[in-house]
Amino acid sequence: MISKKYSQNLYMIIMSFGMSVIMTAVVTAAGTGIDDGYIERFFKGLVFAFPVAILAAFTMAPLARKLVDKIIK
């Protein structure tokens, strides 16, 4: 089992993966259509998108938390 202290990091990784899967599927379909090569293009895009999503999540999370804290006070 993974320690509870890593729960926020694990949450951001899982959310990044889910969002990158959804966004890659939509953008690939919108940009190139759904045909015989769709799955290959999707996985190529996902390999690029997932690391970018993780970096974005870990970069943006502290900034978003500060902004939310300012808004709700």
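From a predicted model like this one, the values you see are computed outputs, not experimental measurements.

### Remarks on the packing of helix α1 (residues 7-32) against helix α2 (residues 38-72)
For the pair α1 and α2, interaxial distance at closest approach is 7 Å and the crossing angle is 135°. Put simply, α1 runs oblique to α2. The two elements α1 and α2 meet at a crossing, and its hand is right-handed. When its residues are assigned to classes, the contact of α1 with α2 shows 16 nonpolar, eight polar and two charged.

### Topic: the side chain of T28
Mapped onto the secondary structure, T28 falls in helix α1. In this structure T28 comes out as buried when scored by relative accessible area, which is 12%. The residues touching T28, leaving out its near neighbours within four places in the chain, are G33, Y38, R41 and F42.

### Re a nonpolar patch on the surface
Taken together, the side chains of I2, Y6, L10 and I14 make up a nonpolar region of the molecular surface, amounting to roughly 390 Å² of accessible area. Following the sequence through the fold, I2 ends up in the segment before α1.

### Things to note about α2
Between the first and last C-alpha of α2 there are merely 43 Å, a value that for 35 residues lags more than 12% behind the 51 Å anticipated at 1.5 Å per step. Of all bends in α2, the biggest is about 35°, found at M60, and the proline P62 comes one to four residues later. All buried positions along α2 are accounted for by Y38, F42, L46 and A57. As for α2, its buried residues are in contact with α1.

### As for α1
Because each turn of an α-helix spans 3.6 residues, side chains separated by three or four positions end up pointing in the same direction. Along its 26 residues, α1 runs 37 Å from first to last C-alpha, staying within 8% of the 38 Å computed at 1.5 Å per residue. Buried within α1 are the following residues: M12, S16, S20, T24 and T28. On the buried face of α1, the contacting elements are α2. Downstream of α1 by a residue or two, G33 has a phi angle that is positive, lying close to 85°.

Thresholds applied
Residues numbered from 1 in each chain as written. Predicted model: local features only at pLDDT ≥ 70, side-chain atom pairs only at ≥ 80, totals over all residues. Heavy atoms only, no water. Axes fitted to C-alpha atoms, helices over the stretch in contact; angles between N-to-C directions. Helix = DSSP H or I, 4+ residues; strand = E, 2+ residues; numbered from the N terminus. Parallel < 35°, antiparallel > 145°, perpendicular 65-115°, else oblique. Left-handed = near helix turned anticlockwise from the far one by under 90°. Nonpolar A, V, L, I, M, F, W, Y, C, P; charged D, E, K, R; others polar. Buried < 20%, exposed > 50% of the residue type's maximum accessible area, 1.4 Å probe, protein only. Contact = heavy atoms within 4.5 Å. Patch = residues over 30% accessible without salt bridge, like charges linked within 9 Å, V, L, I, M, F, W, Y side chains within 5 Å. Areas by Shrake-Rupley, 256 points an atom, 1.4 Å probe, with all protein chains shown as cover. Salt bridge = Lys/Arg side-chain N within 4 Å of Asp/Glu carboxyl O. Expected span 1.5 Å × (residues − 1). Bend = angle between axes of the 7 residues up to and from the residue.

Shape is all these values report; function is a separate question.
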